Amino acid sequence: MPAHALESTEMRQGVTLHYTDATDALDAPMRARIIETFFSAYLRERADFHPAAPSRVGIVIDPGYDGVAYVGDKEKAATITINPGWLAKHPADLDLVTHEAMHIVQGYPSYGDQQVPGWLVEGIADYARDRYGMGNAAAGWALPQKVGAGQTVESGYRVTGAFLKWAEGGHPGLVLALDKALRAGQYTPALWQTHTGKALPALWSAYAGPRMDAPTAAPAGHGKR
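Residues numbered from 1 in each chain as written. Predicted model: local features only at pLDDT ≥ 70, side-chain atom pairs only at ≥ 80, totals over all residues. Heavy atoms only, no water.

It is worth spelling out the overall build of the protein chain at this point. Scanning the protein chain from terminus to terminus reveals 9 helices and 5 strands. The dimensions of the protein chain, computed from C-alpha atoms along their principal axes, are 70 × 50 × 25 Å. Within the span of the protein chain, comprising 225 residues, buried residues form 44% of the whole. A fraction of 58% describes how many contacts in the protein chain between residues 6 or more apart in sequence connect residues 24 or more apart. Total accessible area on the protein chain stands at roughly 11,400 Å², and carbon and sulfur atoms take up 55% of it. A gap of 8 Å separates the mean positions of the 20 positive and 23 negative side-chain charges of the protein chain. (Helix = DSSP H or I, 4+ residues; strand = E, 2+ residues; numbered from the N terminus. Buried < 20%, exposed > 50% of the residue type's maximum accessible area, 1.4 Å probe, protein only. Contact = heavy atoms within 4.5 Å. Areas by Shrake-Rupley, 256 points an atom, 1.4 Å probe, with all protein chains shown as cover. Lys, Arg positive; Asp, Glu negative; His and termini not counted. Charge placed at Lys NZ, Arg CZ, Asp CG, Glu CD.)

In terms of nonpolar packing, the biggest core is built from 63 residues, with Ile34, Phe38, Ile82 and Trp192 touching the most fellow members. By residue number, the principal contributor to this core is helix α1 (residues 28-49), which donates 9 residues. (Core = buried A, V, L, I, M, F, W, Y, C linked by side-chain atoms within 4.5 Å.)

Looking now at the sheet that holds strand β5 (residues 79-82). The strand order β1-β2-β3-β5-β4 describes an open sheet built from 5 strands, whose pairing is mixed. Both outer strands of the open sheet, β1 (6-12) and β4 (69-71), are each paired with one neighbouring strand and no more. The sheet shows a mean angle of 15° between the axes of neighbouring strands, direction not considered. Sheet topology places strand β2 (residues 15-21) next to strand β3 (residues 56-61); 6 bridges connect them, and they run parallel. Each bridged residue has a counterpart across the sheet, and for Thr20 the counterpart in β3 is Val60. Running at roughly 150° to β2, α1 makes contact with β1, β2, β3 and β5 of the sheet. Together, β3, β4 and β5 form the strand contacts of helix α3 (residues 96-106), whose direction differs from that of β5 by roughly 150°. (Pairing = 2+ DSSP bridges. Axes fitted to C-alpha atoms, helices over the stretch in contact; angles between N-to-C directions.)

Moving on, we get to the pairing of β5. Covered by surrounding structure in β5 are Thr79 and Thr81 together with Ile80 and Ile82, the residues of both alternating faces. Two strands pair when backbone bridges link them, and β3 and β5 are joined in this way by 4 bridges, in the parallel orientation. Counterpart to Ile59 in the pairing with β5 is Ile80. Both β4 and β5 contribute to a ladder of 3 bridges, which runs antiparallel. Opposite Val71, over in β5, you have Ile80 as the bridge partner.

Further remarks concern the side chain of His103. Within the fold, His103 resides in helix α3. On the basis of relative accessibility, which here comes to 15%, the residue His103 falls in the buried class. Separated by 3.0 Å, the side chains of His103 and His99 make a polar contact. Side chain to side chain, His103 and Gln106 meet in a polar contact 2.6 Å long. Residue contacts for His103: discarding those within four places in its chain leaves Val71, Val121, Glu122 and Ala125. (Polar contact = N/O pair within 3.5 Å; in protein donor to acceptor, adjacent residues only side chain to side chain.)

With 93% of its residues at a pLDDT of 70 or more, the protein chain has an overall mean of 92. Scored below 50 in pLDDT, residues 216-225 makes 1 contact in the model with residues more than four places away or belonging to other chains. (pLDDT = per-residue confidence, 0-100.)

Take helix α7 (residues 174-183) next. Side chains of residues three or four places apart in an α-helix project in the same direction, reflecting 3.6 residues per turn. Most of α7 is tucked away: 8 of the 10 residues are buried. Restricting attention to buried positions, one finds in α7 the residues Leu174, Val175, Ala177, Leu178, Asp179, Ala181, Leu182 and Arg183. Contact partners of the buried residues in α7: α1, α3, α4 (118-132), α6 (157-170) and α8 (190-196). Among the residues trailing α7, Gly185 stands out with phi positive, at a value near 70°.

This paragraph deals with the packing of aromatic side chains. On inspection of all chains with the given rule, the structure shows 9 aromatic pairs. Plain terms: the ring middles of Phe163 and Tyr207 are 5.5 Å apart, the flat faces sit at 65° to each other, and that makes the pair edge-to-face. Placement of Phe163 in helix α6 and of Tyr207 in helix α9 (residues 200-208) is noted, with a sequence separation of 44 residues between them. Phe163 sits in the buried class, given a relative accessible area of 0%. The interplanar angle of 50° and the centroid separation of 5.3 Å between the aromatic rings of Trp166 and Tyr207 together place this pair among those described as tilted. Of the two residues, Trp166 sits in helix α6 while Tyr207 sits in helix α9, which places them 41 residues apart along the sequence. Of the residues examined, Tyr207 reaches a relative accessible area of 3% and is grouped as buried. Through pairs of rings, three or more aromatic residues link up here, namely Phe163, Trp166, Trp192, Trp204 and Tyr207. (Phe/Tyr/Trp six-rings, centres within 6.5 Å; stacked < 30°, edge-to-face > 60°.)

Take a look at the structure:
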């Protein structure tokens with residue numbers, strides 16, 4: 001590793017974080033904020049959802065990655081890779097770490113199949129970002145209050161996260177039950193009925209109906225002929 005590479009290791013409450021920045025792309029204050037955000041989120045996410053989640057986690061700062069952040073495949077399932085260029089442009093968006101840390105807690109056996117649908121995986125991760133994040137407001141990040149045209153429960157990310165927050169409010173323990181089923185590879189749509197008394201389409205309708213964005217009126221003279 002180059003002489004200017006930066007590595008640090010820190011342990012809190014039984015969890016060890018190994019931070020690597022091979023090109024020293026992020027300064028010390030940003031590094032400290034990333035590490036603080038990680039521990040603040042991961043320790044609580046792990047305790048609440050999956051106490052057996054990995055106790056050793058890596059964060060890798062990789063200028064060669066052109067996305068935002070991701071958790072590695074099964075061989076590196078406990079490593080969060082972050083694009084420093086994203087943080088250079090969006091320095092307040094540190095709770096991307098909170099989202100990715102939840103993916104480590106999730107640790108589901110697969111992604112994107114019927115037992116582990118991707119929209120629900122990402123919805124739970126954004127639900128967790130909302131619940132455990134340190135600086136979402138400063139980053140201008142929030143779960144939506146409205147449902148846009150064409151959005152469905154399967155839109156994933158913030159759309160599904162907002163729905164989960166609403167559903168959890170009326171049915172405490174729902175998200176935890178879904179998470180456990182996903183981790184066991186036993187998720188089925190019937191779980192919604194079991195835990196809420198409503199099938200998923202009916203539950204979504206109850207949520208989305210009052211929150212649909214009103215259609216924009218056509219300008220005068222440009223209506224249907």
